[in-house]
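# Observations on the model geometry
What follows is the residue order along each chain.
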Amino acid sequence: VQLTESGGGKVQAGGSLRLSCAASGPSASNYGMGWFRQAPGKEREFVAAITWNGGSTEYADSVKGRFTISRDNAKNTVYLQMNSLKPEDTAAYYCAADVAAGLYPRRSQQYYNYWGQGTQVTVSS
């Protein structure tokens, strides 16, 4: 499975961005998907996750109510809509695939088998 993120960029605080993650591979639409981020000098952290059918989502407390994860299995693409961005959202954002995900999206990075290269999001104050 190959994952390719896009949509990152620079935005002012309060602005919005939509990240996309295109997945290749015959079974990509069957995988749980997640978004993670890593700011300079910090560990990579969970942002949001979604089950294979989009029926269940999970968010980090820091983004709940501002970010929305969704997917279009016909396009093998997962999205992260980010609204009301804050300077502390500045990070490299990575999408990842959870091959064995079941009915519930998982937060822990240990469950994710494939990772994209990341896309940078910079929010200025």
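Residues numbered from 1 in each chain as written. Predicted model: local features only at pLDDT ≥ 70, side-chain atom pairs only at ≥ 80, totals over all residues. Heavy atoms only, no water.

### What to know about the state of the cysteines
Throughout the structure, instances matching the rule amount to one disulfide. The disulfide that involves Cys21 links it to Cys95, with 2.0 Å between the sulfurs. An S-S torsion of about 55 degrees defines the bridge between Cys21 and Cys95 as right-handed. Of this pair, Cys21 sits in strand β3 (residues 17–24) while Cys95 is found in strand β9 (residues 91–98), placing the two residues 74 residues apart along the sequence. Both residues of the pair, Cys21 and Cys95, count as buried. (Disulfide = S-S within 2.5 Å. Helix = DSSP H or I, 4+ residues; strand = E, 2+ residues; numbered from the N terminus. Buried < 20%, exposed > 50% of the residue type's maximum accessible area, 1.4 Å probe, protein only.)

### Let's talk about empty space enclosed by the protein
Throughout the structure, instances matching the rule amount to one cavity of 30 Å³ or more. One number sums up the size of the largest cavity: a volume of about 40 Å³. Lining the largest cavity are Cys21, Ala23, Ala28, Ser29, Met33, Arg71, Asn73, Asn76, Thr77 and Val78. Counting only elements with at least two residues in the lining of the largest cavity, the list comes to β3 and β8 (77–82). Partitioned by chemical class, the residues of the lining of the largest cavity number five nonpolar, four polar and one charged. (1 Å grid on protein atoms, 1.4 Å probe; cavity = no way out; pocket = protein on both sides within 12 Å on 5 of 7 lines; lining within 4 Å. Points joined across faces, edges and corners; volume = space filled by probe spheres on them. Nonpolar A, V, L, I, M, F, W, Y, C, P; charged D, E, K, R; others polar.)

### Some thoughts on the pattern of salt bridges
Tallied over the entire structure, the rule returns six salt bridges. Here Lys64 and Asp61 are joined by a salt bridge, their closest N and O atoms 3.3 Å apart. Of the charged contacts in the structure, one is a salt bridge between Asp98 and Arg106, with a shortest N-O distance of 2.9 Å. Taking the relative accessible area as the measure of exposure, Asp98 reaches 1% and is therefore buried. One continuous salt-bridge network, built from bridges that share partners, spans Arg37, Glu45, Arg66 and Asp89. (Salt bridge = Lys/Arg side-chain N within 4 Å of Asp/Glu carboxyl O.)

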